[in-house]
Amino acid sequence: MDIDFEKMQGLIPAVLQDADSGEVLMVGFMNREAFERTLSSGYATFFSRTRNQLWMKGETSGNRARVFSMTTDCDRDTVLLRVRLEGLGLICHEGTRSCFNSAIPVGPEIATKEDPSKGAQS
């Protein structure tokens, strides 16, 4: 499989999705070695940009991500890993199931009901 590691200076985004529920769990980065290790081990492995080293998700905590399928996008510069979690099933370093837990408000509030204090309008 030809994955384009050159667009982001040797890295590709890797999205982890729960294989059963479809929930997006986290996004990490892989270099070629992390990608190949993921393929050979069957467990999600990433490249830490801050520590400048490979790390297997859950290697120390036991909350590993077993890969059941991997697909690439049309540009071949991002991968989607469908995983099942082992251990307690907590993927985030903050102790939650998903890293996506902080809502960001988008757009103006839209009233879904007519305001009863104004009465019917004709």
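Everything numeric here is computed off the predicted structure, so don't read it as measured data.

Novice: Looking at this structure, how should I read the sheet that holds strand β1 (residues 12-18)?
Specialist: Strand pairing within a sheet occurs via backbone hydrogen bonds; the two strands may be parallel or antiparallel. Strand order in the open sheet made by the four strands is β2-β1-β6-β5, with mixed pairing throughout. Strand pairing shows two members of the sheet lacking a second neighbour, β2 (24-30) and β5 (65-72), which therefore form its edges. Taken over all neighbouring pairs, the strand axes of this sheet differ in orientation by 25° on average, direction set aside. Both β5 and strand β6 (residues 79-85) contribute to a ladder of seven bridges, which runs antiparallel. Across the sheet, the residue bridging to R66 is R84, located in β6. Sheet contacts for helix α1 (residues 32-41): β1, β2, β5 and β6; angle to β5, the most-contacted strand, approximately 120°.

Novice: What's the story with a nonpolar patch on the surface in this structure? I'm lost.
Specialist: A cluster of nonpolar side chains, contributed by V24, V27 and F100, occupies part of the molecular surface with about 260 Å² of accessible area. By the secondary structure assignment, V24 is in strand β2.

Novice: I keep staring at the layout of surface pockets and nothing clicks. Help me out?
Specialist: Vacant regions in the atomic arrangement are exposed by a probe of water-molecule size rolled over the atoms. Considered as a void within the structure, the largest pocket measures approximately 540 Å³ in volume. M26, R51, W55, K57 and H93 are the residues nearest the centre of the largest pocket, which is lined by 22 residues in total. Secondary-structure elements contributing two or more residues to the lining of the largest pocket are β2, β3 (45-48) and β4 (53-56). Of the residues belonging to the lining of the largest pocket, the class tally is 10 nonpolar, eight polar and four charged.

Novice: Help me out: how do you make sense of unusual backbone geometry in this one?
Specialist: Among all residues save glycine, negative phi is the norm, and among peptide bonds the norm is trans. Despite not being glycine, N52 has its phi angle at roughly 60°, a positive value. Locating N52 in the fold gives a position in the loop between β3 and β4. Of note in the backbone geometry, R76 takes a positive phi value of approximately 60° without being a glycine. By the element assignment, R76 lies in the loop between β5 and β6. What makes R76 partly exposed here is its relative accessible area of 35%.

Novice: Got a minute to help me understand the nonpolar core in this structure?
Specialist: One finds L16, M30, V79, L81 and V83 to be the most contacted residues of the largest nonpolar core, which totals 23 residues. Apart from the residues within four sequence positions on either side, V83 is in contact with L16, Q17, D18, A19, L25, A65, R66, V67 and F68.

The rules behind the values
- Residues numbered from 1 in each chain as written.
- Predicted model: local features only at pLDDT ≥ 70, side-chain atom pairs only at ≥ 80, totals over all residues.
- Heavy atoms only, no water.
- Pairing = 2+ DSSP bridges.
- Helix = DSSP H or I, 4+ residues; strand = E, 2+ residues; numbered from the N terminus.
- Axes fitted to C-alpha atoms, helices over the stretch in contact; angles between N-to-C directions.
- Contact = heavy atoms within 4.5 Å.
- Patch = residues over 30% accessible without salt bridge, like charges linked within 9 Å, V, L, I, M, F, W, Y side chains within 5 Å.
- Areas by Shrake-Rupley, 256 points an atom, 1.4 Å probe, with all protein chains shown as cover.
- Salt bridge = Lys/Arg side-chain N within 4 Å of Asp/Glu carboxyl O.
- 1 Å grid on protein atoms, 1.4 Å probe; cavity = no way out; pocket = protein on both sides within 12 Å on 5 of 7 lines; lining within 4 Å.
- Points joined across faces, edges and corners; volume = space filled by probe spheres on them.
- Nonpolar A, V, L, I, M, F, W, Y, C, P; charged D, E, K, R; others polar.
- Buried < 20%, exposed > 50% of the residue type's maximum accessible area, 1.4 Å probe, protein only.
- Core = buried A, V, L, I, M, F, W, Y, C linked by side-chain atoms within 4.5 Å.

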